Amino acid sequence: MSCDFFSLATSGVSALSPYVPGKPEDELKRELGLAQITKLASNENPLGPSKKALNAIAHASSALCRYPDGSGFVLRSALAKRLDVSANQITLGNGSNDVLELIVRAFCDERSEVLFSQYAFAVYPLVTQAVGATSVVAPAVQWGHDLEAMSALISDKTKVVFIANPNNPTGTYVNTDTVVRFLDSVPANVLVVLDEAYCEYIDLADFPDGVALLAKYPNLIVTRTFSKAWGLAGLRVGYSVSHPDVANILNRVRQPFNVNALALAAATIVLEDDDYLEASVKTNNKGMRQIVDGFESLGLEYIPSVGNFICVKVGDAAGVYQKLLRSGVIVRPVANYGMPEHLRVSIGLKEENSRFLDALKAIL
Ligand SMILES: *Cc1c(COP(=O)(O)O)cnc(C)c1O
């Protein structure tokens, strides 16, 4: 008889519901035998990767028999220069998800509380539960983070606070004044993680620059990624910027080669590809306008978003999701976030957005 392995796992882990990724394009192709699939489910960059990044990968691949540089020296130096911080403040991750997990693993245990908002990014409760810590969830206001409510929930046990800015899946953001007021209210021994996965897309005067706040708030950790505006989701590379001591601690739990050689090479080069970043932002702004106009002409309610995705209220979201799949369009249901009437759609290229809007119109 085999053992009940679930009872062997730690209680946090055996009770976990795994992260549900967007449905892969190839899977839907196989299921439906459709030639053309429109995937707008994972907030990926619709432009395809930067040509410069692809060249860097081709060049780096001749050294694939070697381990990567475990310290990521070249990429950390390039980031330090671009962000005007020192390289010892930067921790690289296998995607920024890796860094989010490192933070919780390094600082939290069964006695700790981790605080975040209702509707916040699904990875926060996952990494919290995996170490047996307790998630404390602050109610949202108008789908967004209520930093005053969050501040009121900080206790002696709170070790880490996650703020997704903007938040995925809601696309809402907290402005500079609100973030500064919050940081002023937080005890110095509570770490505040500002997850800025989409910040490169945003050009709003009141949107905070987390990195600029680091000098004043040593308990702040800013996380960013190459997966979204930089177009390298498949390579898995992200980073945090923090106080050097925090980076030193994260480095102790980090796997020595957590970022692979191709990712290091491509990320370093893509940082110099401002044309690519500019095209990403432009494509997103245009696509967002197209999709919002489409929702308005269909009379659909949506949650205004500053990211590269947007949530729309369609009623029976599970049913509409299935029908969209059958017409070859993959979006993301968000019932797991407690939003059973919404679907999240990532902003695509013009033709992709049109195919989505046409399919949605036909279904509704
Ligand atoms: C996409 C996303 C990330 C980044 O994930 P990677 O692991 O860097 O690909 C982080 N936080 C939020 C809120 C996101 O939506």
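Just so you know, these numbers come straight off a predicted model, no measurement behind them.

A.B. asks: For this particular structure, what's the right way to read the overall build of the protein?
C.D. replies: Broken down by element type, the protein carries 15 helices and 13 strands. Here the C-alpha atoms of the protein give a radius of gyration of 21 Å, agreeing with the 21 Å that 2.2 N^0.38 yields for 364 residues. Principal axes of the C-alpha set define a box for the protein whose edges measure 65 × 55 × 50 Å. Within the protein, the fraction of its 364 residues that count as buried is 52%. If you sum the accessible surface of the protein, you get close to 16,900 Å²; carbon and sulfur atoms cover 53% of it. Considering the protein, the positive charge centre built from 32 side chains and the negative charge centre built from 38 side chains are found 5 Å apart.

A.B. asks: How should the environment of glycine 287 be read in this particular structure?
C.D. replies: With respect to the secondary-structure elements, glycine 287 resides in helix 13 (residues 274-297). Between the C-alpha atom of glycine 287 and that of lysine 350, which follows or precedes it by 63 residues, the distance is 6.2 Å. Among residues more than four places away in sequence, those in contact with glycine 287 are Ile347 and Asn353.

A.B. asks: I'm lost on the pattern of salt bridges in this one. Help?
C.D. replies: Opposite charge on two side chains permits pairing when their charged atoms draw close. Scanning the entire structure with this criterion turns up 9 salt bridges. Lysine 39 is paired through a salt bridge with glutamate 44; the nearest N and O atoms lie 3.1 Å apart. Of the residues examined, glutamate 44 reaches a relative accessible area of 32% and is grouped as partly exposed. We note a salt bridge from arginine 111 to aspartate 109, for which the minimum N-O separation is 2.4 Å. For aspartate 109, a relative accessible area of 25% corresponds to the partly exposed category.

A.B. asks: Explain the site of the ligand to me, please; I cannot follow it from the model alone.
C.D. replies: Neighbouring the ligand are Gly95, Ser96, Asn97, Phe121, Asn168, Asp195, Ala197, Tyr198, Thr225, Ser227, Lys228 and Arg236. Taking threonine 225, its side chain carries an N or O atom lying 2.5 Å from an oxygen atom of the ligand. Arginine 236 is positioned with one of its side-chain polar atoms (N or O) 2.7 Å from an oxygen atom of the ligand. Against a free-state accessible area of 380 Å², the protein chains account for coverage of 94% of the ligand.

A.B. asks: Is there a simple way to explain the domain arrangement of the protein in this structure?
C.D. replies: Interface size is commonly expressed as the accessible area that is lost once the parts come together. On domain assignment, one finds that the protein holds domain 1 (21-48 + 275-363) and domain 2 (51-270). Taking the mean C-alpha position of each, domain 1 and domain 2 sit 25 Å from one another. In this complex, domain 1 contributes 24 residues to the contact, which on the side of domain 2 involves 24 residues. Both faces combined, the contact of domain 1 with domain 2 buries some 1,900 Å², and carbon together with sulfur accounts for 68% of it. Looking only at domain 1, the three residues that lose the most surface to domain 2 are Leu277, Val306 and Tyr337, adding up to 34% of its buried area. Linking domain 1 with domain 2 are 0 salt bridges, by the criterion used here. The tally of links from domain 1 across to domain 2 stands at 8 residue pairs in polar contact (both at pLDDT 80 or more).

A.B. asks: Just to check I follow, could you spell out the pairing of strand 4 (residues 134-138) for this structure?
C.D. replies: Successive side chains on a regular strand alternate, one facing one side of the sheet and the next facing the other. Across 5 bridges, the pairing between strand 3 (residues 113-117) and strand 4 is parallel. Among the inter-strand pairings, valine 114 is bridged to a residue of strand 4, identified as serine 135.

A.B. asks: Would you mind showing me how to read the packing of aromatic side chains here?
C.D. replies: In this structure the tally under the stated criterion is 11 aromatic pairs. Considering the side-chain rings of phenylalanine 116 and tyrosine 124, the 6.1 Å spacing of their centres and the 55° angle between planes classify their relative orientation as tilted. Taking relative accessible area as the criterion, tyrosine 124 reaches 0% and is therefore assigned buried. Counting every residue linked through ring pairs, the aromatic cluster contains Phe116, Phe121, Tyr124 and Phe162. Positioned above the aromatic ring of phenylalanine 309, the side-chain terminus of arginine 344 is 6.0 Å from the ring centre.

A.B. asks: Got a minute to help me understand the sheet that holds strand 12 (residues 332-333) in this structure?
C.D. replies: Within a sheet, adjacent strands bond to each other through the backbone by hydrogen bonds, running parallel or antiparallel. If you trace the 4 strands from one edge of the open sheet to the other, you get 9-10-13-12, paired in antiparallel fashion. Two strands bound the open sheet, and with one partner strand each, they are strand 9 (302-303) and strand 12. Across 5 bridges, strand 10 (residues 309-313) lies against strand 13 (residues 342-346) in antiparallel orientation. Looking across to strand 13, one finds that lysine 313 is bridged to histidine 342. Lying over the sheet, helix 13 contacts strand 9, strand 10 and strand 13, oriented at roughly 5° with respect to strand 10.

A.B. asks: What should I look at first to understand the pairing of strand 6 (residues 191-195) in this one?
C.D. replies: A large share of strand 6 lies buried, amounting to 5 of its 5 residues. Taking every second residue as pointing to the same face, both faces of strand 6 are buried, with Leu191, Val193 and Asp195 on one and Val192 and Leu194 on the other. Tracing the backbone out of strand 5 (residues 158-164), into helix 9 (residues 176-185) and back to the parallel element strand 6 gives a crossover that is right-handed. Pairing of strand 6 with strand 7 (residues 220-225) involves 4 bridges; the strand directions are parallel. Residue pairing in the sheet places aspartate 195 in a bridge with threonine 223 of strand 7.

Reading the values: the criteria
Residues numbered from 1 in each chain as written. Predicted model: local features only at pLDDT ≥ 70, side-chain atom pairs only at ≥ 80, totals over all residues. Heavy atoms only, no water. Helix = DSSP H or I, 4+ residues; strand = E, 2+ residues; numbered from the N terminus. Rg over C-alpha atoms; globule rule 2.2 N^0.38 Å. Buried < 20%, exposed > 50% of the residue type's maximum accessible area, 1.4 Å probe, protein only. Areas by Shrake-Rupley, 256 points an atom, 1.4 Å probe, with all protein chains shown as cover. Lys, Arg positive; Asp, Glu negative; His and termini not counted. Charge placed at Lys NZ, Arg CZ, Asp CG, Glu CD. Contact = heavy atoms within 4.5 Å. Salt bridge = Lys/Arg side-chain N within 4 Å of Asp/Glu carboxyl O. Near = heavy atom within 4 Å. Polar contact = N/O pair within 3.5 Å; in protein donor to acceptor, adjacent residues only side chain to side chain. Domains from an automatic or database assignment. Buried area = accessible area lost by both parts, 1.4 Å probe. Pairing = 2+ DSSP bridges. Phe/Tyr/Trp six-rings, centres within 6.5 Å; stacked < 30°, edge-to-face > 60°. Lys NZ or Arg CZ within 6 Å of the ring centre and 35° of its normal. Axes fitted to C-alpha atoms, helices over the stretch in contact; angles between N-to-C directions. Right-handed = clockwise from strand over helix to strand, strands pointing away.

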